[in-house]
Amino acid sequence: MVPVRRALRLVIDGKAEIVEADAGRLVRSQAVAVPRPAVIRLVRFVHVPRRFRRQVTNTFLFARDGYRCQFCRRPAGSLRHRECLTRDHLTPLSRGGTNEWTNVVTACSTCNTRKGNRLPEECGMQPMHVPAEPHFVHLAWAVRRLTPVQARYIRLFYGADTLATLRGL
Ligand SMILES: [Zn+2]
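Residues numbered from 1 in each chain as written. Predicted model: local features only at pLDDT ≥ 70, side-chain atom pairs only at ≥ 80, totals over all residues. Heavy atoms only, no water.

Engineer: So what's going on with the overall build of the chain? Residues and values would help.
Structural biologist: When you go through the chain residue by residue, the secondary structure sums to eight helices and four strands. Across the chain, helices and strands are ordered from the amino to the carboxyl terminus as α-β-β-α-α-β-β-α-α-α-α-α. Scored against the burial criterion, the 169 residues of the chain give a buried share of 35%. Long-range pairs, those at least 24 residues apart, make up 60% of the contacts in the chain between residues at least 6 apart in sequence. (Helix = DSSP H or I, 4+ residues; strand = E, 2+ residues; numbered from the N terminus. Buried < 20%, exposed > 50% of the residue type's maximum accessible area, 1.4 Å probe, protein only. Contact = heavy atoms within 4.5 Å.)

Quick look at the structure:
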């Protein structure tokens, strides 16, 4: 799953070809109008830098944790007016913690403030799940709504179970 602009770049550079396009939707530039790609096939292997694959953005972090505070277990929809989801570092940055997947969890702003500069064992606040690096593809799917065409291809290549899992994320 890549943004449309990136997909077009891959197609224009000859690195991918369009398998399915959104009917009736063209992407126009000054010179050409091409179908808006829905499914592309890589013509050759495209390297994705490891630092990009491993990058933890809040969008992906919250998706990994099911949009739920890992300390008080409240989902985003149950937060109060002035609360929001935040990134908590289990080992705080000020104490040598990193931004690796294994050190960050989703926390509501209230829990994040309460935990402050302490380690989980110092304040008795343990996350619901031991944080781990998720499969990047699962994250990419989790934060985007699948189109019917994309859903068809995921069912074709990965099976109905995978599709159902992704839709439930
Ligand atoms: Zn919380």
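Engineer: Before we move on, could you go through the coordination of the zinc ion and cite the residues and values that matter?
Structural biologist: Coordination angles at a metal have ideal targets, namely 109.5 degrees for four tetrahedral donors and 90 or 180 degrees for six octahedral donors. Taken together, the protein ligands of the zinc ion are Cys 69 (SG), Cys 72 (SG), Cys 108 (SG) and Cys 111 (SG), with distances of 2.3 Å. Given four donor atoms and angles of 101 to 116 degrees at the metal, the environment of the zinc ion is assigned as tetrahedral. Expressed as a motif, the donor residue spacing for the zinc ion is C-x2-C-x35-C-x2-C. Placement of Cys 72 in the loop between helix 3 (58–64) and strand 3 (85–89) and of Cys 111 in helix 4 (residues 109–115) is noted, with a sequence separation of 39 residues between them. (Donors = N, O, S within 2.8 Å, 3.2 Å for Na, K, Ca; no water. Tetrahedral: all angles 85-135°; square planar, octahedral: opposite > 155°, others 65-115°.)

Engineer: Which residues make up the nonpolar core, and what values do they have?
Structural biologist: The biggest cluster of nonpolar side chains holds 17 residues, and the ones touching the most others in it are Leu 61, Cys 69, Phe 71 and Cys 111. Sorting the residues of this core by element identifies helix 3 and strand 4 (104–108) as the ones contributing at least two each. Looking at this core element by element, the count peaks at four residues for strand 4. If we ignore the near neighbours within four places in the chain, the residues touching Leu 61 are Val 56, Arg 87, Trp 101, Val 104, Val 105 and Thr 106. (Core = buried A, V, L, I, M, F, W, Y, C linked by side-chain atoms within 4.5 Å.)

Engineer: An account of a nonpolar patch on the surface is requested, with residue identities and associated values reported.
Structural biologist: Together, Leu 156, Phe 157 and Tyr 158 make up an exposed nonpolar region whose accessible area comes to about 410 Å². As for its placement among the helices and strands, Phe 157 is situated in helix 7 (residues 148–158). Relative accessible area serves as the criterion here: at 62%, Phe 157 is assigned to the exposed category. (Patch = residues over 30% accessible without salt bridge, like charges linked within 9 Å, V, L, I, M, F, W, Y side chains within 5 Å. Areas by Shrake-Rupley, 256 points an atom, 1.4 Å probe, with all protein chains shown as cover. Salt bridge = Lys/Arg side-chain N within 4 Å of Asp/Glu carboxyl O.)

Engineer: Can you break down the environment of Pro 120 residue by residue, with the values?
Structural biologist: Mapped onto the elements of the fold, Pro 120 is located in helix 5 (residues 120–123). Under the relative-accessibility criterion, Pro 120 is labelled buried at 7%. The sequence separation of Pro 120 and Pro 92 amounts to 28 residues, and the corresponding C-alpha distance is 9.9 Å. The contact partners of Pro 120, leaving out residues within four places of it in the chain, are Leu 90, Lys 115, Met 125 and Gln 126.

Engineer: Would you mind going over the pairing of strand 3 in detail, with residue names and values included?
Structural biologist: Of all the five residues making up strand 3, five are buried; the element is thus mostly covered by neighbouring parts of the structure. Where burial is concerned, the two faces of strand 3 agree: the one with Leu 85, Arg 87 and His 89 and the one with Thr 86 and Asp 88 are both buried. The sheet contact formed by strand 3 and strand 4 spans five bridges and is antiparallel. Each bridged residue has a counterpart across the sheet, and for Thr 86 the counterpart in strand 4 is Ala 107. (Pairing = 2+ DSSP bridges.)

Engineer: Account for the side chain of Asp 65, with residues named and values stated.
Structural biologist: Along the chain, Asp 65 falls in the loop between helix 3 and strand 3. Those residues in contact with Asp 65, other than ones at most four positions away along the chain, are Gln 70, Val 105 and Thr 106.

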